[in-house]
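Analysis of the macromolecular model
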Amino acid sequence: MKTEDNMAQKSAPGGFAPAVHPIAATTITTTSEAIQAGETSVASQGENMPAYFAKPKDAAGPLPVVMVVQEIFGVHEHIRDLCRRLALEGYLAVAPELYFREGDPGEYSDIPTLLKELVSKVPDSQVLSDLDHVANWAAKHGGDIRRLAITGFCWGGRISWLYAAHNPQLKAAVAWYGRLVGDKTLKQQKHPIDVAVDLNAPVLGLYGGQDDGIPLEGVELMRQALHAANAKAEIVVYPDAGHAFNADYRPSYHAESAQDGWQRMLAWFKQYGVA
């Protein structure tokens, strides 16, 4: 079946990645008859990449597009729900399975093994190319490529910074608690701080002041790099939030910061023409 023909609505497999159980009582589930959501696939580099999409059901005309980039846990239920929330705001939201060549995050029950055996094997260059193909897919399925944005969470937050330096067509990016500095490898040759001077699109970074994995020293270094590059970017730090503060299915969820960040994201998209 051609990619162009397989956007029919069907339910995606439910559930969260095994590595994040138990699931918190604060988990948000978005349902609405006003949206169409389900699985599809995106032709990319000679393969069919699984993806989840959500969009307003009765949209008139091309829709602004938001590519939603997964956490380390892949496109599990939280990422799918974020797509549905964006659809209710009028967007065509698409979340591709960016690990699909290397493995299935649903097969891992603990985070250290998931990081070592799967996440570390995914090359940035492959991810950026896959996202280019997602943008092309969106343009063929009711999306307006002139209004293209990206947002990502944790692993996807770092990718969102990198993609803002990769695609000159991108209009806006919002990176949620994505790593900014770190050791380089053959598969991760640059980090956001290395591409501050190369940003094509305005980037909003949302970070937690209590994030043990992303120290405030690194956030400040990124701010300095952005200032030196005269980049269109802003970093907001929520003093009482830790890592993954938007992840309502985890104990790390910080509702006040998550809700403020969501509104800031929508305003950022609107400010830069993605609405």
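One can find the structure itself at the top, above this paragraph.
From a predicted model like this one, the values you see are computed outputs, not experimental measurements.

Moving on, we get to the overall build of the chain. If you tally the helices and strands in the chain, you get 6 helices and 8 strands. The order of helices and strands in the chain, counted from the N terminus, is β-β-β-α-β-α-α-β-α-β-β-α-β-α. Against the globule reference of 19 Å for 275 residues, the chain gives a C-alpha radius of gyration of 17 Å, in line with a compact fold. Here the C-alpha coordinates of the chain stretch approximately 50 × 40 × 40 Å along the principal axes. Taken across its 275 residues, the chain has 53% of its residues classed as buried.

Let us look at the pairing of strand β5 (residues 143–153). Counting buried residues along β5, 8 of its 11 residues qualify, which places the element largely inside the surrounding structure. Relative to β5, strand β3 (residues 63–69) is paired through 7 bridges, and the arrangement is parallel. Residue pairing in the sheet places Val-69 in a bridge with Gly-152 of β5. Relative to strand β6 (residues 172–176), β5 runs parallel, the two being bridged by 5 bridges. Note that in β6 the partner of Gly-152 across the bridge is Ala-175.

The next thing to look at is the environment of Val-68. Structurally, Val-68 is set in strand β3. Accessibility expressed as a relative area gives 0% for Val-68, which makes it buried. The spacing of Val-68 and Ile-214 is 146 residues in sequence and 21 Å in space, taken between C-alpha atoms. Dropping the residues within four chain positions of it, Val-68 is found in contact with Ile-79, Cys-83, Leu-86, Ala-93, Val-94, Ala-95, Pro-96, Thr-151 and Phe-153.

Oppositely charged side chains are able to pair whenever their charged atoms sit close together. Enumeration according to the criterion identifies 13 salt bridges in this entry. Arg-223 is the salt-bridge partner of Glu-220, the closest N and O atoms lying 3.8 Å from each other. Of the two residues, Glu-220 and Arg-223 are both situated in helix α5 (residues 216–228); the distance of 3 residues between them amounts to about one turn of the helix. The class for Glu-220 is partly exposed, based on a relative accessible area of 35%. With a relative accessible area of 33%, Arg-223 lands in the partly exposed category.

About the criteria used
- Residues take numbers from 1 onward in each chain, read along the sequence in its written order.
- A pLDDT threshold of at least 70 governs which residues receive local features in this predicted model, and a stricter bar of 80 or more applies before side-chain atom pairs are shown or counted, although totals over entire chains, interfaces and linings include all residues.
- Hydrogen atoms and water are omitted, and side-chain values are computed over all heavy atoms in the structure.
- Secondary structure elements follow DSSP: runs of H or I of four or more residues count as helices, runs of E of two or more count as strands, with numbering from the N terminus.
- All radius of gyration figures rest on C-alpha atoms, and the globule criterion is 2.2 Å times the number of residues raised to 0.38.
- Here's how the labels work: a residue is buried when its accessible area is under 20% of the maximum for its type, exposed when over 50%, partly exposed in between, all with a 1.4 Å probe on protein chains only.
- Strands qualify as paired when DSSP identifies two bridges or more between them.
- When checking whether two residues touch, look at their non-hydrogen atoms; a contact exists if any pair is within 4.5 Å.
- Criterion for a salt bridge: a side-chain nitrogen of Lys or Arg within 4 Å of a carboxyl oxygen of Asp or Glu.

That is the geometry; function is a separate question.
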